[in-house]
Amino acid sequence: QVQLVESGGGLVQAGGSLRLSCAASGSIFSIKHMGWYRQVPGKQRELVAGITSGVSTNYADSVKGRFTISRDNAKNTVYLQMNKLKPDDTAVYYCNAIWGDGRWSSWGRGTQVTVSS
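These figures come from a predicted structure and were not determined experimentally.

Visitor: Give me unusual backbone geometry: which residues, what numbers.
Guide: Only a minority of non-glycine residues have a phi that is not negative, and only a minority of peptide bonds are not trans. With a phi close to 55°, Asn76 is a non-glycine residue in the positive phi region. Along the chain, Asn76 turns up in the loop between strand S7 (67–72) and strand S8 (77–82). Since its relative accessible area comes to 31%, Asn76 is described here as partly exposed. With a phi angle near 50°, Lys84 is a residue other than glycine that sits in the positive phi range. Judged by relative accessible area, Lys84 falls into the exposed class, the value being 56%.

Visitor: Give me the environment of Asp101: which residues, what numbers.
Guide: Along the chain, Asp101 falls in the loop between strand S9 (91–99) and strand S10 (104–107). Separated by 85 residues in the primary sequence, Asp101 and Gly16 have C-alpha atoms spaced 39 Å apart.

Visitor: Before we move on, could you go through the state of the cysteines and cite the residues and values that matter?
Guide: The final tally for this structure, using the stated rule, is 1 disulfide. In this model Cys22 forms its disulfide with Cys95; the gap between the sulfur atoms is 2.0 Å. The S-S bond linking Cys22 to Cys95 shows a torsion near -85°; that makes this disulfide left-handed. One end of the pair, Cys22, is in strand S3 (residues 18–26); the other, Cys95, is in strand S9, and 73 residues separate them in sequence. This pair shows no difference in class: Cys22 is buried, exactly as Cys95 is.

Visitor: Tell me about the nonpolar core, and name the residues and values.
Guide: Judged by nonpolar contacts, the single largest core of 28 residues is most densely connected at Leu4, Met34, Trp36, Phe67, Leu80, Met82 and Tyr93. Among the secondary structure elements, those contributing two or more residues to this core are strand S1 (2–7), S3, strand S4 (31–39), strand S5 (46–52), S7, S8, S9 and strand S11 (111–116). Element by element, the count of residues in this core is highest for S9, at 5 residues. The residues touching Tyr93, leaving out its near neighbours within four places in the chain, are Glu6, Leu20, Trp36, Tyr37, Arg38, Val48, Phe67, Leu80, Met82, Gly110, Thr111 and Val113.

Rules behind the numbers
- Residues numbered from 1 in each chain as written.
- Predicted model: local features only at pLDDT ≥ 70, side-chain atom pairs only at ≥ 80, totals over all residues.
- Heavy atoms only, no water.
- Helix = DSSP H or I, 4+ residues; strand = E, 2+ residues; numbered from the N terminus.
- Buried < 20%, exposed > 50% of the residue type's maximum accessible area, 1.4 Å probe, protein only.
- Disulfide = S-S within 2.5 Å.
- Core = buried A, V, L, I, M, F, W, Y, C linked by side-chain atoms within 4.5 Å.
- Contact = heavy atoms within 4.5 Å.

This is the structure:
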């Protein structure tokens, strides 16, 4: 089992920055991929950024050049640095881990990010 706890959300003005953290515990040695997703009411959850165990990264087109995903293996934590935030970035942000043989998935409870105009 892998457990995830997000933190760092909040209210920020457009153009500002936030850093989200996702602390993993449990079978962390088996994690293959970690990602940040976001969801707004009435819409599907979408991938924002992902990072593999080999630190290869990928981003949604809407956040490229503004968001950066990184990991600190010593702290078992993945970060999402969000710069130049826009009102459209307002959402609940969830951390996800793919682990085991790649068929297992864990989610955090989410953290609210609100960007005011």
